[in-house]
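What follows is each chain in one-letter form.
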Amino acid sequence: MASFVLHLPAATAATSRWRSFSVSATASSNGAVPGRSQSVGQGKGGPVVVELPLDKIRRPLMRTRANDPVKVKDLMDSIQEIGLQVPIDVLEVDGVYYGFSGCHRYEAHQRLGLPKIRCKVRKATKETLRHHLR
Ligand code: ADP
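Within every chain, residues take consecutive numbers counted from 1 along the sequence as written. Selection of residues for local features in this predicted model requires a pLDDT of at least 70, selection of side-chain atom pairs for listing and counting requires 80 or more, and totals for whole chains, interfaces and linings are taken over all residues. The basis for the side-chain values is all heavy atoms of the structure; hydrogens and waters are excluded.

Visitor: Would you explain the packing of aromatic side chains in this entry?
Guide: How two aromatic rings sit relative to each other is set out by the distance from centre to centre and by the angle between their planes. Within 6.5 Å between ring centres, the rings of Phe, Tyr and Trp (the latter by its six-membered ring) count as paired, and their orientation is classed by plane angle as stacked under 30 degrees, edge-to-face over 60, tilted in between. In the structure shown here, the tally under the stated rule is zero aromatic pairs. We note Arg59 situated over the ring of Tyr106; from NZ or CZ to the ring centre the distance is 4.5 Å. By definition, being over a ring means that NZ of Lys or CZ of Arg is both within 6 Å of the ring centre and within 35 degrees of the ring normal.

Visitor: When you look at the site of the ligand in this model, what are you seeing that I'm missing?
Guide: Taken together, 13 residues sit near the ligand, with Ser78, Gly83, Gln85, His104 and Arg105 positioned nearest. Throughout this description, a polar contact denotes any pair of N or O atoms lying within 3.5 Å of each other; where both atoms belong to protein, one of them has to be capable of donating a hydrogen while the other can accept it, and for residues adjacent in sequence the pair is counted only when both atoms sit in side chains. Interatomic distance of 2.5 Å between a side-chain N/O atom of Ser78 and a nitrogen atom of the ligand. Gly102 has a polar backbone atom sitting 3.5 Å from an oxygen atom of the ligand. Each accessible area is a Shrake-Rupley result for a 1.4 Å probe, and residues are judged covered by the shown protein chains and nothing else. With the chains in place, 67% of the 570 Å² that the ligand exposes on its own is no longer accessible. Secondary structure elements are defined from DSSP: runs of H or I of at least 4 residues count as helices, runs of E of at least 2 residues count as strands, and each element is numbered from the N terminus. Counting residues per element, the shell around the ligand draws most heavily on helix H2 (residues 69-82), which supplies five residues. Gly is put with the polar residues, along with every residue not named as nonpolar or charged; the nonpolar set is Ala, Val, Leu, Ile, Met, Phe, Trp, Tyr, Cys and Pro, and the charged set is Asp, Glu, Lys and Arg. For the shell around the ligand, the class distribution of residues is six nonpolar, five polar and two charged. Whether a residue is near a molecule or strand depends on its heavy atoms: if one lies within 4 Å, it is near.

Visitor: In this structure, what is going on with the environment of Glu127? I would like to understand it.
Guide: Structurally, Glu127 can be placed in helix H4 (residues 126-133). Separated by 34 residues in the primary sequence, Glu127 and Val93 have C-alpha atoms spaced 9.7 Å apart. At 3.2 Å, the side chain of Glu127 forms a polar contact with the side chain of Arg130.

Visitor: Got a minute to help me understand the sheet that holds strand E4 (residues 96-99) in this structure?
Guide: Working definition: the strands of a sheet are paired by backbone hydrogen bonds and lie parallel or antiparallel to each other. Taken in spatial order, the five strands of this open sheet run E1-E5-E3-E4-E2, and their pairing is mixed. Strands at the two margins of the open sheet, each flanked by one partner only, are strand E1 (48-53) and strand E2 (57-58). Both E2 and E4 contribute to a ladder of two bridges, which runs parallel. Looking at the pairing, Ile57 lines up with Tyr97 of E4. Think of it this way: DSSP has to see at least two bridges between two strands before they count as a pair.

Visitor: Please clarify how the environment of Pro115 should be interpreted in this entry.
Guide: On the secondary structure map, Pro115 appears in the loop between helix H3 (103-112) and strand E5 (116-123). Here a residue-residue contact requires only that any non-hydrogen atoms of the pair lie within 4.5 Å. Here Pro115 is in contact with Leu52, Pro53 and Leu54, once residues within four sequence places are set aside.

Visitor: What is the right way to read the pattern of salt bridges from this model?
Guide: It is possible for side chains of opposite charge to pair when their charged atoms get near one another. Salt bridges, as used here, are contacts in which a Lys or Arg side-chain nitrogen is within 4 Å of a carboxyl oxygen on Asp or Glu. Evaluation of the coordinates by the stated rule reveals six salt bridges. Between Asp77 and Lys73 there is a salt bridge; the shortest N-O distance is 2.8 Å. Of this pair, Asp77 and Lys73 both sit in helix H2, four residues apart, which is roughly one turn of the helix. Owing to a relative accessible area of 36%, Asp77 belongs among the partly exposed residues under this scheme. The partner of Asp94 in a salt bridge is Lys126, with the nearest N and O atoms 3.1 Å apart. Remark: Lys126 occurs in helix H4 and Asp94 occurs in the loop between strand E3 (88-93) and E4; sequence separation between them is 32 residues. Exposure class is identical for Asp94 and Lys126. Each is exposed. Each of Glu127, Arg130 and Arg134 takes part in a single network of salt bridges with overlapping partners. Only protein chains enter the calculation, and the probe is 1.4 Å; a residue is then buried if its accessible area is under 20% of its type maximum, exposed if over 50%, and partly exposed in between.

This is the structure:
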């Protein structure tokens, strides 16, 4: 094993204060760095990936489409084990979030009791929203 000896001038050694530096890196269960959103084209009006509270996402088609319960259960197991790997797509219209897809992932989060879900948010116009609602 190699060893290193650090020689300091006596005056410096006597008067200097030890500084300690610590470097730490943590990652959330889904591999993302906590507290930071992964952004795609941020600042250029492109989509951004952020975590949103489930109850902040309006899902106008929720009652009209039934999810496959087996898929939801498989996703619950997988999300618990490795985290959400692909964010759901969300539209932001005048500060309000709308989700039309990612229904199984959304339900899996709900059933796991997770408060937030990773979303790929794209700004859209009311016209685009109307198109989705047709
Ligand atoms: P959804 O209605 O949410 O789109 P699908 O069953 O059609 O449900 O597709 C599941 C999606 O979830 C796939 O695109 C898959 O890549 C994605 N996904 C994200 N995270 C996971 C995960 N941890 N395990 C399995 N699939 C995942």
